[in-house]
Amino acid sequence: MVNIKLNNVSKIFKKGKTEFKALSNINLEIPDNSFFGILGASGAGKTTTMRIIAGLEAPTMGEVLFDKTVVSKDDRTIIDPEERDIGMVFQNWALYPHMNNYENIAFPLKVKKWNQNEITKRVYELADILGIREVLAKRPGEISGGQQQRVAVARALAKNPKFLLLDEPFSNLDANARDDARALVKKVKNELGITTIIVSHDPADIFALAEKVAVISRGNLVQLGTPKDLYDYPSNERVAGTLGDINIVDFDLKEKNGYYDLIFENFIITGIKLNDYNDSKITLGIRPEDLIIEKSTEIDSNIETKYEGNTQKIGVFEADTVNYNQGSFSVVLNISGTKIKGISREPIFYGDKVNVYINKSKIKLFEYASKDAIKLNEEIERN
Amino acid sequence: MIKNKNTNSNINGAKNVKNVKRIIHNIILVIFSILWLFPIYVMVIDGLKSASGVLITPILFPAKSSLGPFITVTTALERPILNSIIYTVPTAIISTYIGAMAAFYFYKKARMINTLLFTIIAIATFVPYEITLLPLTKFISSIGLLNTYPGIIIAMLIFYLPTGALLMSIFLAVLPKTTLESARIDGANDWTIFNKVVLPLAMPGFISTFIFILIESWNNFFVPLVLVTTPGMNSASLALMSYTGGYGTLYNESFASAFIASLIPLVIFVFLGRYFIRGFQAFGTGRKG
Amino acid sequence: MNKNKFTIFLFLIPTLIFGILLLYFVFYNVYYSFLDSSATVLVAKFVGFATYKELFSNALVVSSLKRSIIWAFVLIAGGNVMGIFFASLIYFLRNQKTRAVYTSIFVYPLAVSMAASGVIWTWLFNINDGVDYLFVRIGLPRFPWLDSPATAFPSLILVSIWVFSGLASLFYLASFQNVSKDIVESAKIDSASSFRILRKILLPEAKNAFIVSTAIIFIFALRFFSLPYVATLLNPYTETSVENLYVLYTSLSFSESSAESVIVMLIALVVVIPFALYGIKRWLAND
Ligand SMILES: Nc1ncnc2c1ncn2[C@@H]1O[C@H](COP(=O)(O)OP(=O)(O)O)[C@@H](O)[C@H]1O
Ligand SMILES: [Mg+2]
């Protein structure tokens, strides 16, 4: 097994006279045996990062180390991908269409000149783990997407690589197959204990699998941490968006006894403490699940008894649009043209009057100018 | 769309005009097809004429058929056709395979210097080969291969290897890049990737290039003309020369010989013509695939 | 250079060797064209452009060169016109199978060797037994074809058009098929005539096809050797520059043959270089 390290890696693509900086000064360390995620929007530079680790591209500047060995450095590939001993599952799986699935999985072993018996044993062993034994005689074109993906994983694992790279391995699968595939990858990783890096634009992949995540945005490493850290404490507005659905709204600030009120039209959050904040506006992020919505009845229920945690009632609004999605109703409020989305457990219909509550401990505050996160201190949150 | 006020008769009228147009369209196609196929027609009917048939019927009309002329010319052309096979099959295989290797090199290395090399190869494909008459003859005779199979194959390779490289470059360009990269990740070296992944994936292009070169070299008249010095080494197209005819000769053997000498390329064309056509289109448009 | 980078270079070497050999031939011609080498000269010496001057004062050489160029241009015009004609006839067919059949019919002459075409057409042009037989029967005058100075050359051009129109039509058909089907369909719904669709929609997109077919036909035209050679056995009415090479070669005037090669090569390069650059640009642009 191996410890992978990226030191100050930058990648510049030149096309004719134009240059494009796909990665700038990435520093990363991927510890041995970990399940590491790289998250970022499409075009952020995830695949490029992975290709640099694999050796398919050389970093324009900076170096890549496997343990103490420099494998590529400053526009030079020192150890070619074929000698890096890695397994990789490409975004489109890149199976060999002219070989059957058995031959696909066996290919890396044939290249290594394993003997026939060992190859057969290994292929069947992997096929059993991944549940693709029945399709070995077929070609990749004759099996489902989910099965192709398993074949690709099996091929990548066949030679017992030092580590495994997965580039958006689930993006070509439908939702059901995706859940199964995630579970399977997790199982394989646990059984084989191999260092694994998964790249995805879908936070669901990361939450399901990764122990540690690097978030990349426009070629920059913007945050590093556990998935939960990142979800709850995104370092800026963009990371917050990358990790999941979030309402981002600019609020006016009004001070009251050392605390601030956040005001956007009639959407007002009270009692926020801010240290050294000098702008008159602030950007707030709130995930839909932290904006609780219920049907407004004549008798207003007492929220303190109903919801745990630091929940505050914002007021009564009108539901603008409602979508049903996997057991909950997402309700959109239209506040002077700005759409704010919350979640209700019970059916709500267009035009219904609704009560809106906010989970104050989950709000994310960003500087209005820079959109960088503002640390809320614990004491205030509990207020 | 049909406007509301259109009456039934109007619609019928439009339909009729359409039908008439379609009929004219087809008639034109049939007329030109007949014109284009005419040489095949005369090769067959006149090749099948007996000597007496030649004397009493004009070229354009069939007479009582006889296999005589075909048997005579087949006997005479047996050796040249065999020679042609010996000249062209290795030429086409080697040009396509080695050309594909060069194409793989260009596929992997799209750098400035290679653009230049690629340009040279592209231009070499279009050199009118007749102009190499003198140096080619001197070169082949200086290596002692004048009037030999290897000599003629080498001469053909000089012309068709660049063609193979150019065509295969066009076909390789459409290969899925990640599949080849995944072979690298699997630990395969370039030689393995070329033989186990690139060639199987590019097989349609490979066949297309092979057929293209086979037909072109089969019909190459020039190389054997200058490099063959004894009749026993004649190629099929060269051997045809003795059937050119003129006044007083019987044309049945001319047509039979033209047919027999063209038979192999024609059969290839009939069965694999779509590859040939695809190759030419790729050749001309530089389209990938 | 590491091991692998060297291995991949080996892939290029055989092609490179043969390519260099071909280039060497080209330069060999250039070199010899400045000497006075021939079978009767023991030690060839440098004579500058003298051989070229001589060639250009030789009426037969000049006329054959002219013929080559005329042939090329008439064939380019005829080939492109017939190519567009066939391509549009085929394009407006609906059935894929029928399309394929007609395409093959128009293209197949490429598979017939020029030597065989020469044999066939010499007979078809025979003024007693050939197509003239039919002409006379239906009351048309006998056409002299290869037997008259005025018609021998045009007759061969006709044969070459028969050979190459199909090829040109392939390029045009390819470019027509690149035009979005929706555009053509909506024009049809607007009840535009096929001729109008061709003129307004398809042909404007066929610039590439024109460039490509012109360049390729041009090169083939400069290569014309076997057809006139076989058809007429060096009939002076049809002789082209490429055959002249052969005449000079067989008479062993090496430098003259080289000089004429250089001229043909230069003519070819004028057309080929822009074409090659164009092709490469497309090749790289698609990357
Ligand atoms: N070979 C290349 N040449 C030029 N630009 C590239 C190349 N590969 C990637 N890029 C650019 O680099 C950026 C990052 O790409 P990539 O790493 O594939 O993003 P993603 O995060 O979606 O995987 C994109 O804007 C892409 O257009
Ligand atoms: Mg990607």
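Residues numbered from 1 in each chain as written. Chains lettered and ligands numbered in written order. Predicted model: local features only at pLDDT ≥ 70, side-chain atom pairs only at ≥ 80, totals over all residues. Heavy atoms only, no water.

Some words on the overall build of chain A
Heads up, the rule is: Under the DSSP-based scheme used, a helix requires at least four consecutive residues in state H or I and a strand at least two consecutive residues in state E, with every element numbered from the N terminus. Only protein chains enter the area calculation, which uses a 1.4 Å probe; residues under 20% of their type maximum are buried, those over 50% are exposed, and those in between are partly exposed. The Shrake-Rupley method, run with a 1.4 Å probe sphere, supplies the accessible areas, and residue values consider only the shown protein chains as cover.
In terms of regular secondary structure, chain A is built from 10 helices and 22 strands. For the C-alpha atoms alone, the extent of chain A along its principal axes is close to 75 × 45 × 40 Å. Sorting the 383 residues of chain A into buried and exposed places 53% on the buried side. About 17900 Å² of surface is accessible on chain A, with carbon and sulfur atoms providing 47% of the total.

Some words on helix 5 (residues 175-192) of chain A
Note that an α-helix has 3.6 residues per turn; residues three or four places apart therefore point the same way. Residue and element names in this part refer to chain A. Selection criterion: A helix is expected to span 1.5 Å for every residue after the first. The contact rule is simple, with two residues in contact once any of their heavy atoms fall within 4.5 Å.
Counted at 1.5 Å a residue, the expected span for helix 5 with its 18 residues is 26 Å, and the 26 Å between its end C-alpha atoms agrees. Along helix 5, the residues that are buried comprise Ala 181, Arg 182, Leu 184, Val 185, Val 188 and Lys 189. In this structure, the buried side of helix 5 is in contact with strand 3 (35-39), helix 3 (116-130), helix 4 (145-158), strand 8 (163-167), strand 9 (195-200) and helix 6 (203-209). A positive phi of about 60° marks Gly 193, the residue just after helix 5.

Notes on the confidence of the model for chain B
We apply this condition: As a per-residue measure, pLDDT reflects the predictor's confidence and takes values from 0 up to 100.
When the pLDDT values of chain B are averaged, the result is 84; 90% of them are 70 or greater. Two numbers describe this predicted complex: its pTM, 0.84, and its ipTM, 0.85.

Comments concerning the domain arrangement of chain A
Residues and elements named next belong to chain A. Counted only if it meets this: Domains are outlined according to an automatic or database domain assignment. By convention, the term buried area covers the 1.4 Å-probe accessible surface removed from two parts as they join, with the contributions of both added. Criterion for a salt bridge: a side-chain nitrogen of Lys or Arg within 4 Å of a carboxyl oxygen of Asp or Glu.
The assigned domain composition of chain A is domain 1 (4-241) and domain 2 (246-382). In this structure, domain 1 and domain 2 have C-alpha centres spaced 38 Å apart. The interface of domain 1 with domain 2 comprises eight residues on the first partner and 11 residues on the second. Where domain 1 abuts domain 2, roughly 880 Å² becomes buried across the two surfaces, and 52% of that area is made up of carbon and sulfur atoms. Sorting the residues of domain 1 by area buried against domain 2 places Tyr 231, Glu 237 and Ala 240 first, and these three jointly supply 56% of that buried surface. Our count for the domain 1 to domain 2 interface comes out at zero salt bridges.

Brief notes about the side chain of B:Thr96
Summarising the element assignment, B:Thr96 is placed in helix 3 (residues 68-108). With residues up to four places along the chain from it excluded, the contact list for B:Thr96 reads B:Met168, B:Phe206, B:Thr209, B:Phe210 and B:Ile213.

Describing the interface of chain B and chain C
This is how it is decided: Any N or O atom pair separated by 3.5 Å or less is treated as a polar contact, with the protein-specific requirement of one donor-capable and one acceptor-capable atom, and with residues adjacent in sequence counted only for side-chain atom pairs. Only Asp, Glu, Lys and Arg are considered charged in this grouping, and only Ala, Val, Leu, Ile, Met, Phe, Trp, Tyr, Cys and Pro are considered nonpolar; every other residue, Gly among them, is considered polar.
Facing the 102 residues of chain B at the interface are 93 residues of chain C. Run the count over chain B and chain C and you get zero salt bridges. Between the two partners, chain B and chain C, sit 11 residue pairs in polar contact (both at pLDDT 80 or more). Here the side of chain B that touches chain C gets 16 residues from one element, more than from any other, and that element is helix 1 (residues 8-47) of chain B. Classifying every residue of the side of chain B that touches chain C by side-chain character gives 71 nonpolar, 22 polar and nine charged.

A look at the side chain of B:Thr209
Residues and elements named next belong to chain B. By secondary structure assignment, the location of Thr 209 is in helix 9 (residues 203-218). Since its relative accessible area comes to 0%, Thr 209 is described here as buried. Discounting chain neighbours no more than four positions away, the residues touching Thr 209 are Thr 96, Gly 164, Leu 167, Met 168 and Phe 171.

Section: the pattern of salt bridges
Side chains that differ in sign of charge can pair as their charged atoms come close. The final tally for this structure, using the stated rule, is 27 salt bridges over all chains. Among the ionic pairs, A:Asp80 bridges to B:Arg184, the shortest N-O distance being 3.7 Å. Placement of A:Asp80 in the loop between strand 6 (76-77) and strand 7 (87-89) and of B:Arg184 in helix 7 (residues 177-185) is noted, with the two residues assigned to different chains. Taken individually, A:Asp80 and B:Arg184 each receive the classification buried, so the pair is uniform in this respect. Between A:Arg178 and A:Asp202 there is a salt bridge, and its shortest N-O distance comes to 3.8 Å. Residue A:Arg178 is located in helix 5, and its partner A:Asp202 is located in the loop between strand 9 and helix 6; the two are separated by 24 residues in the primary sequence.

Looking at the pairing of strand 9 of chain A
Residues and elements named next belong to chain A. To keep it simple, the criterion reads: Strand pairing requires that DSSP identify at least two bridges connecting the strands. The handedness of a crossover follows from its direction of travel: if, with the strands pointing away from the viewer, the path from the first strand over the helix to the second runs clockwise, the crossover is right-handed.
In terms of residue burial, strand 9 counts as a mostly covered element, since six of its six residues are buried. Burial along strand 9 is two-sided: the face carrying Thr 195, Ile 197 and Val 199 and the face carrying Thr 196, Ile 198 and Ser 200 are both buried. As paired elements, strand 3 and strand 9 share five bridges and run parallel to each other. The residue bridging Phe 36 from the neighbouring strand is Ile 197, located in strand 9. The handedness of the strand 8 to strand 9 crossover, carried by helix 5, is right-handed.

Digging into the domain arrangement of chain B
Residue and element names in this part refer to chain B. Once the domains are mapped, chain B shows domain 1 (2-47) and domain 2 (77-285). Taking only C-alpha atoms, the centre of domain 1 and the centre of domain 2 are 39 Å apart. With six residues of domain 1 at the interface, the matching set in domain 2 holds seven residues. Of all residues in domain 1, the largest losses of buried area upon contact with domain 2 belong to Met 43, Asp 46 and Gly 47, amounting jointly to 75% of the total for that side. Counting across the interface, domain 1 meets domain 2 through zero salt bridges.

Regarding a nonpolar patch on the surface
Residues and elements named next belong to chain B. Threshold: Note on patches: the residues involved have over 30% relative accessible area and no salt bridge, like charges join within 9 Å, and the nonpolar side chains Val, Leu, Ile, Met, Phe, Trp and Tyr join within 5 Å.
A cluster of nonpolar residues, Ile 85, Val 89, Ile 93, Ile 94 and Ile 264, forms a patch on the protein surface that exposes about 330 Å² of accessible area. Looking at the nonpolar patch, the element that brings in the most residues is helix 3, giving four residues. In this structure, Val 89 sits in helix 3.

Considering the sheet that holds strand 3 of chain A
Sheet strands pair via backbone hydrogen bonds, and the direction of the pair is either parallel or antiparallel. Residues and elements named next belong to chain A. Just so we agree on the cut-off: What counts as an axis is a line fitted to C-alpha atoms, over the stretch in contact for a helix, and the angles between N-to-C directions run from 0 to 180 degrees.
Read across the sheet, six strands follow the order 7-8-9-3-10-11 without closing on themselves; strand pairing throughout is mixed. The open sheet is flanked by strand 7 and strand 11 (220-225), the only strands paired with a single partner. Averaged over all pairs of adjacent strands, the angle between their axes in this sheet comes to 15°, without regard to strand direction. Strand contacts of helix 1 (residues 46-54): strand 3, strand 7, strand 8, strand 9 and strand 10 (212-217), with the helix running at about 155° to strand 8, the strand carrying the most contacts.

What about unusual backbone geometry?
The phi dihedral of A:Lys371 is positive, around 65°, even though this residue is not glycine. Using a relative accessible area of 23% as the deciding quantity, one classes A:Lys371 as partly exposed. The backbone of C:Trp145 shows a phi angle near 45°, a positive value even though the residue is not glycine. If you trace the backbone, C:Trp145 turns up in the loop between helix 6 (131-137) and helix 7 (149-178).

Structural notes on helix 3 of chain B
Quick reminder of the rule: One axis is fitted to the seven residues ending at the residue and one to the seven starting there. The bend at that residue is the angle between these axes.
When the terminal C-alpha atoms of helix 3 of chain B are compared, their 57 Å separation across 41 residues agrees well with the 60 Å that a helix rising 1.5 Å per residue should span. The largest bend in helix 3 of chain B is about 50°, located at B:Leu77, with the proline B:Pro80 one to four residues further on.

Observations regarding the site of ligand 1
Residues and elements named next belong to chain A. In plain terms, the rule: In this text, near means that some heavy atom of the residue lies within 4 Å of the molecule or strand in question.
Contacts to ligand 1 come from Phe 13, Phe 20, Ala 22, Ala 41, Ser 42, Gly 43, Ala 44, Gly 45, Lys 46, Thr 47 and Thr 48. Computed on the free molecule, ligand 1 has an accessible area of 560 Å², of which 64% lies beneath the protein chains in the complex. At the level of elements, strand 2 (18-30) and helix 1 are the ones that each hand at least two residues to the shell around ligand 1. The dominant element in the shell around ligand 1, judged by the number of residues it contributes, is helix 1, at three residues. Grouping the amino acids of the shell around ligand 1 by side-chain chemistry returns five nonpolar, five polar and one charged.

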